[in-house]
Amino acid sequence: MTYTKTAISLHWLIALSIAIVFGVGIYMHELPLSPHKLQIYAYHKWAGITIFLLVLFRLMWRHLHSPPPFPETMLQWEKQIAHLVHFLLYFLMLAIPMSGWLMSSAAGYPVVLFGMIPLPDLVSKNKELSDIFKQVHFLLNMSLFLLVFLHIAAAVKHHFIVKDDVLVQMLPFLKREKKS
Ligand code: HEM
């Protein structure tokens, strides 16, 4: 049993998109106010909402197509930690865009997806609330950064130290030649 092609594609598409949107978020924050800054903020929001929708689709796909089980060689506590990290990653991939959307609504800047589709405001304008969501957005992003680091470290350990197929299932071209 392995991941479907769709699950693999969604994993890498979302991972790459998050890396870019994360970098853009750090970059745009430092920019002086200008039309360029506002345009970059809009791109950041559009990409963030698109990621949110992709994650919803990914969760639906996962519900319909079970992921492969963990290898037998993993200890019970290792499986529990892996489950927890995966749950938290999904939670953050949804909570980060939601906190951004809440921040924009509270700041009084409605989100217009791709400049064409106005999204509803989630809360009414409130400066204090917007500052809180700004902090939340930042803290959730830093948590994601830490968890992704753990997730990558675990994948590297599985591939190079334990030498099982956990990473190969997400990167099939890494498949090792079978020794006869
Ligand atoms: C997976 C999706 C997202 C990621 C990874 C992400 C990441 C980030 C990061 C790293 C920052 C910089 C934080 C800081 O330096 O304080 C940031 C800022 C920001 N994000 Fe997001 N974001 C996402 C989605 C969204 C969405 C959907 C919206 C709004 C609809 C949004 C609105 C904002 C705004 C307005 C800022 C600037 C805050 C400020 O002015 O300091 N983000 N984001």
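The sections below set out a description of the structure shown in this document. (Residues numbered from 1 in each chain as written. Predicted model: local features only at pLDDT ≥ 70, side-chain atom pairs only at ≥ 80, totals over all residues. Heavy atoms only, no water.)

Some thoughts on the packing of helix 1 (residues 5–29) against helix 2 (residues 35–64)
Orientation of helix 1 relative to helix 2, taken along the N-to-C sense of each, is 155°, at an axis distance of 9 Å. One element, helix 1, and the other, helix 2, form an angle in the roughly antiparallel class. In terms of crossing hand, the pair formed by helix 1 and helix 2 is left-handed. (Axes fitted to C-alpha atoms, helices over the stretch in contact; angles between N-to-C directions. Helix = DSSP H or I, 4+ residues; strand = E, 2+ residues; numbered from the N terminus. Parallel < 35°, antiparallel > 145°, perpendicular 65-115°, else oblique. Left-handed = near helix turned anticlockwise from the far one by under 90°.)

Observations concerning the coordination of the iron atom of the ligand
For a metal with four tetrahedral donors the ideal donor-metal-donor angle is 109.5 degrees, whereas six octahedral donors ideally subtend 90 or 180 degrees. Here the iron atom of the ligand is held by His 44 (NE2) and His 137 (NE2), and the distances to it run 2.0 to 2.1 Å. Note that the iron atom of the ligand binds six donor atoms; their angles at the metal cover 87 to 178°, and the shape is octahedral. Here His 137 lies in helix 4 (residues 127–162) and His 44 lies in helix 2, a separation of 93 residues in the sequence. (Donors = N, O, S within 2.8 Å, 3.2 Å for Na, K, Ca; no water. Tetrahedral: all angles 85-135°; square planar, octahedral: opposite > 155°, others 65-115°.)

Thoughts on the packing of aromatic side chains
Applying the stated criterion to the full structure yields four aromatic pairs. Here the aromatic rings of Phe 22 and Phe 145 are separated by 5.6 Å at their centres, their planes lie at 20°, and the arrangement is stacked. Here the residue Phe 22 occupies a position in helix 1, and Phe 145 occupies one in helix 4, the gap between them amounting to 123 residues. According to the relative accessible area criterion, Phe 145 is exposed, its value standing at 52%. On the numbers, 5.5 Å between centres and 70° between planes, the contact of Tyr 43 with Trp 46 is edge-to-face. Taken together, the positions of Tyr 43 and Trp 46, both in helix 2 and three residues apart, correspond to about one turn of that helix. The class of Tyr 43 is partly exposed, set by a relative accessible area of 45%. (Phe/Tyr/Trp six-rings, centres within 6.5 Å; stacked < 30°, edge-to-face > 60°. Buried < 20%, exposed > 50% of the residue type's maximum accessible area, 1.4 Å probe, protein only.)

Comments concerning the site of the ligand
Around the ligand lies a shell of 23 residues, among which His 29, Tyr 41, His 44, Lys 134 and His 137 are the nearest. His 29 places a side-chain nitrogen or oxygen 2.7 Å from an oxygen atom of the ligand. The separation between a nitrogen atom of the ligand and a polar side-chain atom of His 44 is 2.8 Å. Taken atom by atom, the bulk of the ligand overlaps the second largest pocket. Elements with a minimum of two residues in the shell around the ligand: helix 1, helix 2, helix 3 (76–107) and helix 4. Taken together, the residues of the shell around the ligand sort by class into 13 nonpolar, eight polar and two charged. (Near = heavy atom within 4 Å. Polar contact = N/O pair within 3.5 Å; in protein donor to acceptor, adjacent residues only side chain to side chain. 1 Å grid on protein atoms, 1.4 Å probe; cavity = no way out; pocket = protein on both sides within 12 Å on 5 of 7 lines; lining within 4 Å. Sits in = over half its atoms within 2 Å of the grid points. Nonpolar A, V, L, I, M, F, W, Y, C, P; charged D, E, K, R; others polar.)

Re the environment of Pro 67
Topologically, Pro 67 is positioned in the loop between helix 2 and helix 3. Sequence separation between Pro 67 and Met 1 is 66 residues, and the spatial gap between their C-alpha atoms is 8.1 Å. Excluding residues that lie within four positions of it along the chain, Pro 67 makes contacts with Met 1, Tyr 3 and Arg 62. (Contact = heavy atoms within 4.5 Å.)

What about the nonpolar core?
Ranked by size, the top nonpolar core spans 15 residues in total, and within it Ile 14, Ile 18, Ile 51, Val 55, Leu 92, Met 93 and Leu 144 carry the most contacts. If you list the elements that add at least two residues to this core, you get helix 1, helix 2, helix 3 and helix 4. At seven residues, the largest contribution of residues to this core is made by helix 3. Apart from the residues within four sequence positions on either side, Met 93 is in contact with Ile 14, Ile 18, Val 55 and Arg 58. (Core = buried A, V, L, I, M, F, W, Y, C linked by side-chain atoms within 4.5 Å.)

Quick notes on the pattern of salt bridges
For the structure on display, the rule yields three salt bridges. A salt bridge links Glu 78 to Lys 157; the shortest N-O distance between them is 3.6 Å. Linking Glu 78 in helix 3 with Lys 157 in helix 4, this pair joins segments that are 79 residues apart in sequence. The partner of Asp 165 in a salt bridge is Arg 176, and the shortest N-O contact between them spans 3.8 Å. Taken as a pair, Asp 165 in the loop between helix 4 and helix 5 (166–170) and Arg 176 in the segment after helix 5 lie far apart in primary sequence, 11 residues in all. For Arg 176, a relative accessible area of 33% translates into the label partly exposed. (Salt bridge = Lys/Arg side-chain N within 4 Å of Asp/Glu carboxyl O.)

Take it as geometry only, folks, not as evidence of what the structure does.
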